[in-house]
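# Working through the structure, step by step
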Amino acid sequence: MKLSQSIARHGAEAVKTYRTVSGIRQDNEVPEIFLGGQIAIGLNRDLNFQAHVERPYLTIIKELGGTINDQCIESMGGLRADVALYQEEKPLAIVELKICDERDRRGWKVLADLEKMKRLSEQTRIAMYLGVLLTDTHQECKDRRKSLETILGRVVS
């Protein structure tokens, strides 16, 4: 099973599980940390990756042999990966999760996560995965997804 498919499957399962255990009615009420924890468990089970939830970027940089200096602390000091995947105790990939509801129609929160991931990847060459949960939409998800992909494509390219 591909990593991206496993992330999506476990994310969808996490939303359903949280709905059941909490009684929420709106999917945008699911905490990202819950999604991250469930995805980490699933990826460990499916693909045998070690996984950390809310892993500091500075820790990942240090584990990959990078140098932590004032500039690094300034730009990434408070940033954390929602999920960090490890193989043989070395960081392999990070997963950032974003719940994108009507309050973020233009995807600014998603873009912010993408930018922070790019900073880490440029410094470490770690693989990046971005999971987006589209909620509370009056627009069809396929149309909203297409517009979000267009916005993100301008940044990624």
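Here we summarise the structure given alongside this text. (Residues numbered from 1 in each chain as written. Predicted model: local features only at pLDDT ≥ 70, side-chain atom pairs only at ≥ 80, totals over all residues. Heavy atoms only, no water.)

Another aspect to go through is the environment of threonine 67. Along the chain, threonine 67 turns up in the loop between helix H3 (57–63) and helix H4 (70–76). By relative accessible area, which is 57% here, threonine 67 ends up exposed. Sequence spacing of threonine 67 and glutamine 123 is 56 residues, and the spatial spacing of their C-alpha atoms is 9.9 Å. (Helix = DSSP H or I, 4+ residues; strand = E, 2+ residues; numbered from the N terminus. Buried < 20%, exposed > 50% of the residue type's maximum accessible area, 1.4 Å probe, protein only.)

Next up on the list: the packing of helix H1 (residues 3–22) against helix H2 (residues 32–47). Orientation of H1 relative to H2, taken along the N-to-C sense of each, is 130 degrees, at an axis distance of 8 Å. Compared by their axis directions, H1 and H2 come out oblique. Relative to H2, the crossing made by H1 is right-handed. Taking contact as the criterion, the partners of Leu3, Ser6, Ile7, Arg9, His10, Gly11, Ala14, Val15, Thr17 and Tyr18 in H1 are, on H2, Phe34, Leu35, Gln38, Ile39, Gly42, Leu43, Asp46 and Leu47. Considered class by class, the residues forming the contact of H1 with H2 number 10 nonpolar, 6 polar and 2 charged. (Axes fitted to C-alpha atoms, helices over the stretch in contact; angles between N-to-C directions. Parallel < 35°, antiparallel > 145°, perpendicular 65-115°, else oblique. Left-handed = near helix turned anticlockwise from the far one by under 90°. Contact = heavy atoms within 4.5 Å. Nonpolar A, V, L, I, M, F, W, Y, C, P; charged D, E, K, R; others polar.)

On to H2. Along an α-helix, residues three or four positions apart point the same way, because every turn accommodates 3.6 residues. The terminal C-alpha atoms of H2, which comprises 16 residues, lie 21 Å apart, in line with the 22 Å expected from a rise of 1.5 Å per residue. Among the residues of H2, Leu35, Gly36, Gly37, Ile39, Ala40, Gly42 and Leu43 are the ones counted as buried. Buried residues in H2 make contact with H1, strand E1 (50–56), strand E2 (80–87) and strand E3 (90–100). In the segment just after H2, asparagine 48 is the residue with positive phi, at about 60 degrees. (Expected span 1.5 Å × (residues − 1).)

Following the criterion strictly, the structure yields 8 salt bridges and no others. The salt bridge partner of aspartate 113 is lysine 98, with a shortest N-O separation of 3.6 Å. A residue pair is termed long-range when its members are at least 10 positions apart, and aspartate 113 in helix H5 (residues 108–124) and lysine 98 in strand E3 qualify at 15 residues. The residues aspartate 113 and lysine 98 share a single accessibility class, namely buried. Among the ionic pairs, lysine 116 bridges to aspartate 113, the shortest N-O distance being 3.9 Å. Taken together, the residues lysine 116 and aspartate 113, both in helix H5 and 3 residues apart, mark about one turn of the helix. For aspartate 113, a relative accessible area of 7% translates into the label buried. (Salt bridge = Lys/Arg side-chain N within 4 Å of Asp/Glu carboxyl O.)

Further remarks concern unusual backbone geometry. Of note, the phi angle at glutamate 89 is positive, near 65 degrees, even though the residue is not glycine. Note that glutamate 89 resides in the loop between E2 and E3. Given the relative accessible area of 64%, glutamate 89 is considered exposed. Even without being glycine, arginine 125 reaches a positive phi, approximately 65 degrees. On the secondary structure map, arginine 125 appears in the loop between H5 and strand E4 (127–134).

We now examine the side chain of threonine 124. Topologically, threonine 124 is positioned in helix H5. Relative accessible area serves as the criterion here: at 18%, threonine 124 is assigned to the buried category. At 2.8 Å, the side chain of threonine 124 and the backbone oxygen of leucine 120 are in polar contact. Within polar-contact distance, the side chain of threonine 124 engages the backbone nitrogen of isoleucine 126 at 3.3 Å. Once residues within four sequence positions are removed from consideration, threonine 124 is found in contact with Ile61 and Leu64. (Polar contact = N/O pair within 3.5 Å; in protein donor to acceptor, adjacent residues only side chain to side chain.)

Of all 8 residues that make up E2, 6 are buried, and the element is covered over most of its length. Where E1 lies against E2, 6 bridges are found, and the strand directions are antiparallel. Pairing of proline 56 across the sheet is with arginine 80, part of E2. Between E2 and E3, which follow one another and run antiparallel, lie 2 residues, and glutamate 88 among them has a positive phi close to 55 degrees. (Pairing = 2+ DSSP bridges.)

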